[in-house]
Amino acid sequence: MPASINSAVETAPDFFRPVDTRSNTRLMHALLNRRHFLSHSTTGLSSIALASLLQDQHLLAEETTPLRPQIDPGRPFAARDSHHEPAATNVLVIFCSGACSQIDTFDYKPELIKQHGKPLPGAEDLLTFQGQQGMLTKSPWKFTPRGESGKMVSALVPQLGELADEMCFIHSLTGKTNTHGPGENFMSTGYTLDGFPSMGAWATWALGTENETLPAYVAISDPRGTPQSSVNNWGPGFLPAAFQGTEFNTTKPLGNLDIPAGITPQTDQATRGFLKRLNARHLQRFPGDSELAARISSYELAARMQLSVPEVTDLSSEPQSILREYGADDSENTLKAQFARNCILARRLVEKGVRFVQLFNGAYQTGGEGVSNWDGHKQIKEQYSKHGPVLDQPCATLLKDMKRRGLLKHTLIVWMTEFGRMPTFQKGASGRDHNPSGFTAWMMGAGVKAPFTYGATDAFGYQAVENTATVYDFHATILHLLGLDHKRLTYYHNGFERRLTDVHGHVIKEVLAS
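Residues numbered from 1 in each chain as written. Predicted model: local features only at pLDDT ≥ 70, side-chain atom pairs only at ≥ 80, totals over all residues. Heavy atoms only, no water.

Engineer: I keep staring at the sheet that holds strand S3 (residues 131-136) and nothing clicks. Help me out?
Structural biologist: Paired through backbone hydrogen bonds, the strands of a sheet run either parallel or antiparallel to each other. The strand order across the open sheet formed by three strands is S2-S3-S12, and the pairing between neighbours is antiparallel. Looking along the sheet, the strands with just one partner apiece sit at the ends: strand S2 (127-128) and strand S12 (424-426). Here two bridges tie S2 to S3, and the two strands are oriented antiparallel to one another. From the neighbouring strand, Leu127 faces S3, where its bridge partner is Gln132. (Pairing = 2+ DSSP bridges. Helix = DSSP H or I, 4+ residues; strand = E, 2+ residues; numbered from the N terminus.)

Below is the structure:
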């Protein structure tokens, strides 16, 4: 080979150089050698075994590819598969608006009783939401052991206390705000700001519903009105508007369902039939028009709801014994009777297969601070003595009734509030200020351990100190029980893959039944 060609070959990139067939042959012989083959095989099998062990111990990197539901615009609420096998198929959230005090309900602190009337150690000059704090103050209600577990529960909620063995308590929740509106937003949507989808919107967007005659998501507002953050608690945020919760209760019927005066049922039926034929003809001409398909679907659901909603809200078919058990016939406490009827409505909605139900106890301030909700700043003994009976009997009976009917086998019950309250009384007052540093929620029913207690606040109930849990963890756990991976349930919005849990949260595996 001429010298000029040799020089060109030596300086050329590797992929231009001639292939050395002899070296390739030697390499092939080495690979086919029995000793080398067994060596490489052993290494490969070891790698497979290692990967399996890492997978079992959850040490492999998690899959984070978004799992978005495939939604037919013509059937947006059709039932869809979950990401993994769900423990629960329905959720009932009981939301005590106004920040129900953990100190006076479920978080027993014997040291607070011992130190009653003394300063909170290390926080003598503490300023909270409304200002300076007074002394440590024990609960006005006595705590006693309940059930076989001996869980200490306040006499403020004696009938709920009877169910302590059925409950899974989380005593170490922490929030990000000490203001009611943002606090309700945070508990319901995972964000303190307005405009983000609620838990129920995420759940129904992901899963749809088995029920075809009622909304997939219902918010039952308190008889006194809506909570402070109002529709944000059940809003769709940037998810399709179809997944907003539908608000109604037994005293406030769903609007615009009745046929207008002067229109006979026959005329109404004929008109809807005519519109259906026109819409079908249009869809044949424009089969890809998803907006029209969605609009037709919403009109058809509304038509079905003209029959189903009045039926489900009509409690006249309930036996008198049930009304009495819930307290719905209490003529002396009409507010309790009205809330009791809402509790019966919640049970009936779950029975009908509604995917997600929110039941509110307490409304935005009407009549003064703490009068219409759990915001006990000034006179907690006087105000909670009224709120406790409204919640206790109806709510406890709801839980017992659902268990009796077998509904807890597939329904997750969640009790929560926007944050907790201080172990001190406010300076110059007889009530407690806001406290997001450590508060209580509990769950019951499908997929959770009971009786069980997770986490703890300090000796006075001020701050979470053991197994501290965030609201993101709480939400991740609820989604997990519904068969949803909170890290992969995302919606692309304004350049971000948005989640209920933002970029945070871990499933609280300790509370799971399996």
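Having seen the model, we can carry on.
Engineer: Sorry, what's going on with unusual backbone geometry here?
Structural biologist: Leaving glycine aside, a negative phi is the common case for residues, and trans is the common case for peptide bonds. Here the amide bond leading from Ala450 into Pro451 is cis, since omega sits at -10°, within 30 degrees of zero. Within the element layout of this structure, Pro451 appears in the loop between strand S14 (439-445) and strand S15 (452-454). Located in the positive-phi region is Ser230, a residue other than glycine, with phi close to 50°. Structurally, the position occupied by Ser230 is in the loop between strand S7 (217-220) and strand S8 (246-247). Located in the positive-phi region is Asn494, a residue other than glycine, with phi close to 50°.

Engineer: How should I be thinking about a nonpolar patch on the surface in this particular structure?
Structural biologist: A cluster of nonpolar side chains, contributed by Phe274, Leu275 and Leu278, occupies part of the molecular surface with about 270 Å² of accessible area. Looking at the secondary structure, you find Leu275 in helix H8 (residues 265-285). (Patch = residues over 30% accessible without salt bridge, like charges linked within 9 Å, V, L, I, M, F, W, Y side chains within 5 Å. Areas by Shrake-Rupley, 256 points an atom, 1.4 Å probe, with all protein chains shown as cover. Salt bridge = Lys/Arg side-chain N within 4 Å of Asp/Glu carboxyl O.)

Engineer: How do you make sense of the pairing of strand S9 (residues 356-361) when you look at a structure like this?
Structural biologist: For a regular strand, the rule is simple: side chains alternate between the two faces of the sheet. Of all six residues that make up S9, six are buried, and the element is covered over most of its length. What you see with S9 is no split at all: Phe356, Gln358 and Phe360 on one side and Val357, Leu359 and Asn361 on the other are buried throughout. The pairing of strand S1 (residues 90-96) with S9 spans six bridges and is classified as parallel. Residue pairing for S9: Leu92 is matched across the bridge by Val357. Here four bridges tie S7 to S9, and the two strands are oriented parallel to one another. Its bridge partner lying in S9, Ile220 is registered against Leu359. (Buried < 20%, exposed > 50% of the residue type's maximum accessible area, 1.4 Å probe, protein only.)

Engineer: Looking at this model, I keep getting lost on the environment of Thr250. Mind explaining?
Structural biologist: Following the sequence through the fold, Thr250 ends up in the loop between S8 and H8. Taking the C-alpha atoms as reference points, Thr250 and Arg341, 91 residues apart in sequence, are found 6.5 Å from one another. Discounting chain neighbours no more than four positions away, the residues touching Thr250 are Leu315, Gln338, Arg341, Asn342 and Leu345. Among the polar contacts listed, one links the side chain of Thr250 to the side chain of Asn342, at a separation of 2.9 Å. (Contact = heavy atoms within 4.5 Å. Polar contact = N/O pair within 3.5 Å; in protein donor to acceptor, adjacent residues only side chain to side chain.)

Engineer: Is there a simple way to think about the side chain of Asn185 in this case?
Structural biologist: Mapped onto the fold, Asn185 is located in helix H6 (residues 180-189). Accessibility expressed as a relative area gives 2% for Asn185, which makes it buried. Dropping the residues within four chain positions of it, Asn185 is found in contact with Gly190, Tyr191, Thr192, Leu193, Asp194, Ser229 and Asn232.

Engineer: Would you mind showing me how to read the pattern of salt bridges here?
Structural biologist: Between side chains of opposite charge, a pair can form as their charged atoms come close. Under the counting rule described, the total for this entry stands at 19 salt bridges. Arg272 serves as the salt-bridge partner of Asp268, at 3.1 Å between the closest nitrogen and oxygen. Of this pair, Asp268 and Arg272 both sit in helix H8, separated by four residues, roughly a single helical turn. With a shortest N-O distance of 3.0 Å, Asp401 and Arg347 are connected by a salt bridge.

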